[in-house]
Each structure stands twice: as C-alpha cells, then as structure tokens.
Amino acid sequence: NTNSMQELGSQIVQAFKAMSSVEIAAVVSSFICVYLTVRNNVWNWLFGFIGVLLYGYLFWQWRNYANCGLNLLYYVPIQFWGWYVWTRGNTTHEG
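None of the values given here were measured: they were computed from a predicted structure. (Residues numbered from 1 in each chain as written. Predicted model: local features only at pLDDT ≥ 70, side-chain atom pairs only at ≥ 80, totals over all residues. Heavy atoms only, no water.)

## Observations concerning the packing of helix α3 (residues 44-61) against helix α4 (residues 65-87)
- Two elements in contact, α3 and α4, have axes whose closest approach is 8 Å; the angle formed by their N-to-C orientations is 170°. Judged on the interaxial angle alone, α4 and α3 are roughly antiparallel.
- Within the contact of α3 with α4, the residues separate by chemical class into 16 nonpolar, 7 polar and no charged. (Axes fitted to C-alpha atoms, helices over the stretch in contact; angles between N-to-C directions. Helix = DSSP H or I, 4+ residues; strand = E, 2+ residues; numbered from the N terminus. Parallel < 35°, antiparallel > 145°, perpendicular 65-115°, else oblique. Nonpolar A, V, L, I, M, F, W, Y, C, P; charged D, E, K, R; others polar.)

Written out as structure tokens, the structure is:
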C-alpha cells in the first residue's frame, strides 16, 4: 500500500506540473472561494467570479464551448446576484 500511495503522490505532482498557470490560478481561486464561503465571508464572491472567468477562458481555449457558455452566461451573473443578495442581508432563508 505504501507503493500505491507514493505512486498516487507522484501522479498528482505530475498532473500539477502539466497544468498551465491559468489552470492553477482557476483552481486556487475556486478553492479560496469555497473556503471563504464556509467561513461565511462575503469576499467568496470575488474569488468565485475570478475562478468562473478563468474557467470560461480555459474552456474557450479548449474549444469546449458549452462549458464556456455555462460559465460566462450563467455562473458569472450568479456571482453578481449572490453578492447582491448577500450584501443586502437577505434573512428570508432558513438553514
């Protein structure tokens, strides 16, 4: 099992080395967004917006136009809507 864990670690490192700087920035921004959301911090929307834009750009570069459109035409507006509702102190939700 130790060999399989070392092999997995090696594969993860190789995958990160194969990523472009834009991909890494998109992943990091998205992780920060999730972390800030869990911490109930309004700045999550900024990092979500950055991540969505970067993924939209990446999908365009990869000619994955459906996911590009989903990111830019749906997720970008959702980032603004979420920020708007969050900053207005919407207390009608339960949970």
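Next comes the rest of the write-up.
## Things to note about the environment of V38
- Secondary-structure assignment places V38 in helix α2 (residues 21-38).
- Taking the C-alpha atoms as reference points, V38 and C68, separated by 30 residues in sequence, lie 26 Å from one another.

## Some remarks on the confidence of the model for the protein chain
- For the protein chain, per-residue confidence averages 91 on the pLDDT scale, and 94% of positions sit at 70 or higher.
- Across the protein chain, the element-wise mean pLDDT spans from 88 in helix α1 (residues 2-18) up to 97 in α3. (pLDDT = per-residue confidence, 0-100.)

## Observations regarding α4
- Taking 1.5 Å as the rise per residue, α4 with 23 residues should run 33 Å; its terminal C-alpha atoms sit 32 Å apart, in good agreement.
- Taking the largest bend as the criterion, α4 deviates by roughly 30°, centred on Y75, and proline P77 comes between one and four positions later.
- Those residues of α4 not exposed but buried are C68, N71, V76, Q79 and G82.
- Next to the buried residues of α4 lie α3. (Expected span 1.5 Å × (residues − 1). Bend = angle between axes of the 7 residues up to and from the residue. Buried < 20%, exposed > 50% of the residue type's maximum accessible area, 1.4 Å probe, protein only. Contact = heavy atoms within 4.5 Å.)

## Overview of the packing of α2 against α3
- Axis separation between α2 and α3 bottoms out at 8 Å; the angle between their running directions is 150°. What the angle tells us is that α2 and α3 run roughly antiparallel. Crossing angle aside, the handedness with which α2 passes α3 is left-handed. When α2 is examined against α3, the residues V22, E23, A25, A26, V27, S29, S30, I32, C33, L36 and T37 are found in contact with a partner set consisting of N44, F47, G48, I50, G51, L54, Y55, Y57 and L58. (Left-handed = near helix turned anticlockwise from the far one by under 90°.)

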